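# Summary of structural features
The residues making up each chain are set out below.
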Amino acid sequence: MALPERILESVRSLKPLPQNAMRLLETVRDPSHTVQDIARIVETDAALTGNILRVVNSPAFGLRVEVTTVARAIPFLGDRMTVGIALNLCASQLFNRSLEGYEGEKGSLWRHSMKTAIASKEIARYTDGRVNPDEAYTAGILHDLGKSIISQYLEGRTHELVQTAESGNVRDYLGAESETLGTDHSEVGAALAVHWKLPPALVEVLAHHHSPAQSSEPHLPLVYTVHLGDFVSMMGGAGTGSDTLLYRIDENYKDYISISRQELELVFLHTEQEFEKTLSAMFAE
Amino acid sequence: MKTIILGVGDYDVTNTPGQQLKTLGLGSCVAVIILDPVSRCIAMDHVALPESKISPDRARQKPGYFADTGIPALLEAMKRTGAGKNHQKMIVKLVGGANVMDPNNTFNIGKRNVLAIKKILWKYGMGPLAEDVGGRISRTVTVDVDTGRVHVSSPGRTDWEV
């Protein structure tokens, strides 16, 4: 499917992802990375350093003594939250847009992305080591960025899209987007991932998180993980608006992820708790 | 109109005129709404999961999080607000419990929540008068003290009442 020209232009006109964000993404994917590796990258960026210190010193972390260096901050925040903060800062223009085309409030994309990141990281633990939880987390943060780009083109047509998606004439909400625009948020997200020169695994997640069976072989476990993380996030009330839950779960997730009902309930619970803590830390005054 | 917003696992009761209880983003979670015509109080619990045995700690922090600890807590809170003991006279409405159709029967938390809630209500001789549950939809619900009306909304759809 060729992207409509105007939407492709919207993607191409976006600034490249800053170097330090790219380096953080690469570093976190390496299972043998250290806190120092992350600290070194963060310290090169004053705005990022400022954000990291503000979050770690927020009431949510309950630290009695103020933390003044990045190297001391990162062990408290964890690598994942550090990368999350970096991505939010680098792509804040995309993450913080309100999604009118989905009747999603301002902040709903960031909340959904963060909750999907946490849920995906939790679910990665049930892949028998096939999926690196850190990689699942970063993939979760980025998976729905395509929505930020196409939302403006869907404005005013939300009711129609919901009706189409619910009608059964299309597979899911992506089908409704496609009928309306000639493309959907996963295709646009993949185009963004390519524009930003993200690693193939992340391109696959953005492209196939709603239809994981279409991914290529080495990436199937990661894509299925984010597929499920996305559902946990939507089920837990952190959707992006009109499309929430209007997708089909691919039952073949069980080929890569072995999770019982009770374990899923625990994932739901832990995701909720970690999400609450993260939100209150990141948005502390 | 003073709105009291309930988060996941929160519950509250009020009979103060002009107030309303509201909860947002009900995906697989279920809002258990109980209205007592005798004391004119309205009560709501945002239930996330069916059984507390998976995390007694969580149940201690937030009894409203689970159906089996939330409903008794809600009824107790109603009693403290002056509701009568006659549970059968109360009006129960359920909103939420959206479903993910999973042939592996793992992701159907919404359905399990609704069943667990009904089972517990039944022990008190109660059953829902009305329900707006299931489907593939995220709901926001508001209940008014003054009118007892239960108002539901969801992005991309026109508002409705239950």
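Per chain, residues are indexed from 1 in the order of the written sequence. Each chain gets a letter, beginning with A, and each ligand a number, beginning with 1, in the order they are written. Only residues with pLDDT of 70 or above have their local features reported here, since the model is predicted, and side-chain atom pairs are shown and tallied only from 80 upward, although totals for entire chains, interfaces and linings are computed over all residues.

## Details of the overall build of chain B
From N to C terminus, chain B includes three helices and 10 strands. Counting from the N terminus, the helices are the DSSP runs of H or I reaching at least four residues and the strands are the DSSP runs of E reaching at least two. In chain B, the succession of helices and strands from N to C terminus is β-β-β-β-β-α-α-β-α-β-β-β-β. Whereas a compact globule of 162 residues would reach a radius of gyration of roughly 15 Å, chain B reaches 15 Å, a difference of no more than 12%. Each of the three principal axes of chain B carries a C-alpha extent, and together these read 45 × 35 × 25 Å. For every residue, the other C-beta atoms within 10 Å of its own C-beta are counted; 20 or more classify it as buried, 12 or fewer as exposed, and values in between as partly exposed. C-beta atoms are placed from the backbone. In chain B, buried positions account for 52% of the 162 residues. Two residues qualify as a contact pair if the distance between their C-beta atoms, derived from the backbone, is within 7 Å. Across chain B, every contact between residues at least 6 apart in sequence was considered, and the portion connecting residues at least 24 apart equals 64%. The globule rule used here is 2.2 Å times the number of residues to the 0.38 power, and the radius of gyration it is set against is calculated over C-alpha atoms.

## Concerning the sheet that holds strand 3 (residues 19–26) of chain B
All names here are of chain B. Taken in spatial order, the five strands of this open sheet run 1-3-8-9-10, and their pairing is mixed. Each edge of the open sheet carries a strand with a single partner, namely strand 1 (2–6) and strand 10 (160–161). As judged from the two bridges shared by strand 9 (residues 150–153) and strand 10, these two strands associate in the antiparallel manner. Pairing of His 151 across the sheet is with Glu 161, part of strand 10. By this definition, two strands are paired if DSSP reports at least two bridges between them.

## A few points about helix 2 (residues 67–80) of chain B
Residues and elements named next belong to chain B. Helices are assigned an expected span. That span is 1.5 Å times one less than the residue count. Between its terminal C-alpha atoms helix 2 stretches 20 Å, which fits the 20 Å expected from 14 residues at 1.5 Å a residue. The complete set of buried residues in helix 2 reads Ala 67, Thr 69, Gly 70, Ile 71, Leu 74, Leu 75, Ala 77 and Met 78. Summarising the contacts, the buried residues of helix 2 are in contact with strand 2 (11–14), strand 4 (30–36), strand 5 (41–47), helix 1 (56–61) and helix 3 (109–123).

## Quick notes on the nonpolar core
Ranked by size, the top nonpolar core spans 139 residues in total, and within it Val 30, Val 32, Ile 33, Val 95 and Ile 117 of chain B carry the most contacts. The element contributing the most residues to this core is helix 15 (residues 220–235) of chain A, with 10 residues. For this entry, the nonpolar core is defined as buried Ala, Val, Leu, Ile, Met, Phe, Trp, Tyr and Cys residues connected by C-beta atoms within 7 Å.

## Re the packing of helix 1 (residues 5–12) of chain A against helix 13 (residues 185–195) of chain A
Residue and element names in this part refer to chain A. Only the stretch in contact is used when a helix axis is fitted, and all axes are lines through C-alpha atoms; the angle between N-to-C directions ranges over 0 to 180 degrees. Interhelical geometry of helix 1 versus helix 13 gives an angle of 40 degrees and a closest axis separation of 9 Å. Judged by the inter-axis angle, helix 1 sits oblique to helix 13. Two packed elements cross with a definite hand, and for helix 1 against helix 13 that hand is right-handed. Touching Ile 7, Leu 8, Val 11 and Arg 12 of helix 1 are Val 188, Ala 191, Leu 192 and His 195, all from helix 13. Put simply, Ala, Val, Leu, Ile, Met, Phe, Trp, Tyr, Cys and Pro go in the nonpolar bin, Asp, Glu, Lys and Arg in the charged bin, and everything else, Gly too, in the polar bin. Grouping the constituent residues of the contact of helix 1 with helix 13 by class yields six nonpolar, one polar and one charged. An angle below 35 degrees is read as roughly parallel, one above 145 as roughly antiparallel, one from 65 to 115 as roughly perpendicular, and any other as oblique. Crossing handedness follows the turn of the near helix against the far one: under a right angle anticlockwise gives a left-handed crossing, and clockwise gives a right-handed one.

## Some details on the sheet that holds strand 7 (residues 130–133) of chain B
Residues and elements named next belong to chain B. Taken in spatial order, the five strands line up as 2-5-4-6-7 in an open sheet, and their pairing is mixed. The sheet terminates laterally at strand 2 and strand 7, the two strands that pair on one side only. Averaged over all pairs of adjacent strands, the angle between strand axes in this sheet comes to 10 degrees, irrespective of strand direction. In this structure, strand 6 (residues 91–96) lies alongside strand 7, joined through four bridges in parallel fashion. By the bridge assignment, Lys 93 is partnered in strand 7 with Ala 130. Helix-sheet contacts for helix 2 involve strand 2, strand 4 and strand 5, and the interaxial angle to strand 5 is about 165 degrees.

## Here we look at the pairing of strand 3 of chain B
Residues and elements named next belong to chain B. Two strands pair when backbone bridges link them, and strand 1 and strand 3 are joined in this way by five bridges, in the parallel orientation. Bridge pairing links Leu 6 to Thr 23 in strand 3. As judged from the five bridges shared by strand 3 and strand 8 (residues 139–144), these two strands associate in the antiparallel manner. Following the sheet pairing, Leu 21 is matched in strand 8 by Val 143.

## Digging into the interface of chain B and chain A
Contacts between the two partners involve 27 residues from chain B, matched on the other side by 31 residues from chain A. The element contributing the most residues to the side of chain B that touches chain A is strand 3 of chain B, with three residues. Class assignment for the residues of the side of chain B that touches chain A results in 15 nonpolar, eight polar and four charged.

## A look at the environment of Thr 140 of chain B
Residues and elements named next belong to chain B. Looking at the secondary structure, you find Thr 140 in strand 8. In this structure the C-alpha to C-alpha distance between Thr 140 and Pro 155, which are 15 residues apart in sequence, comes to 9.2 Å. Apart from residues no more than four positions distant in its own chain, Thr 140 is found in contact with Leu 24, Gly 25, Ser 153 and Ser 154.

## Description of the environment of Phe 231 of chain A
By secondary structure assignment, the location of Phe 231 of chain A is in helix 15. You can call Phe 231 of chain A buried: it has 24 C-beta atoms within 10 Å. Taking the C-alpha atoms as reference points, Phe 231 of chain A and Ile 249 of chain A, 18 residues apart in sequence, are found 8.0 Å from one another. Ignoring sequence-local partners within four residues, the contact set of Phe 231 of chain A consists of Ile 249 of chain A together with Val 100 and Phe 107 of chain B.

## Looking at the packing of helix 11 (residues 158–167) of chain A against helix 12 (residues 173–181) of chain A
All names here are of chain A. At a closest axis distance of 8 Å, the pairing of helix 11 and helix 12 adopts a crossing angle of 125 degrees. Between helix 11 and helix 12, the crossing angle belongs to the class labelled oblique. For the element pair helix 11 and helix 12, the recorded crossing hand is right-handed. Residues Leu 161, Thr 164 and Ala 165 of helix 11 touch helix 12, and the partners they reach there are Tyr 173, Gly 175, Ala 176, Glu 177, Glu 179 and Thr 180. Classifying every residue of the contact of helix 11 with helix 12 gives four nonpolar, three polar and two charged.

## Details of the domain arrangement of chain A
Residues and elements named next belong to chain A. For chain A, the domain assignment lists domain 1 (5–14 + 98–282) and domain 2 (18–90). For the domain bounds, the source is a domain assignment made automatically or taken from a database. Computed over C-alpha atoms, the centres of domain 1 and domain 2 are 24 Å apart. Counting residues at the interface gives 15 residues for domain 1 and 15 residues for domain 2. Of all elements in the fold, only helix 8 (108–124), helix 9 (133–142) and helix 16 (261–282) reach the threshold of two or more residues within the side of domain 1 that touches domain 2. Across the side of domain 1 that touches domain 2, the residue classes tally to seven nonpolar, four polar and four charged.

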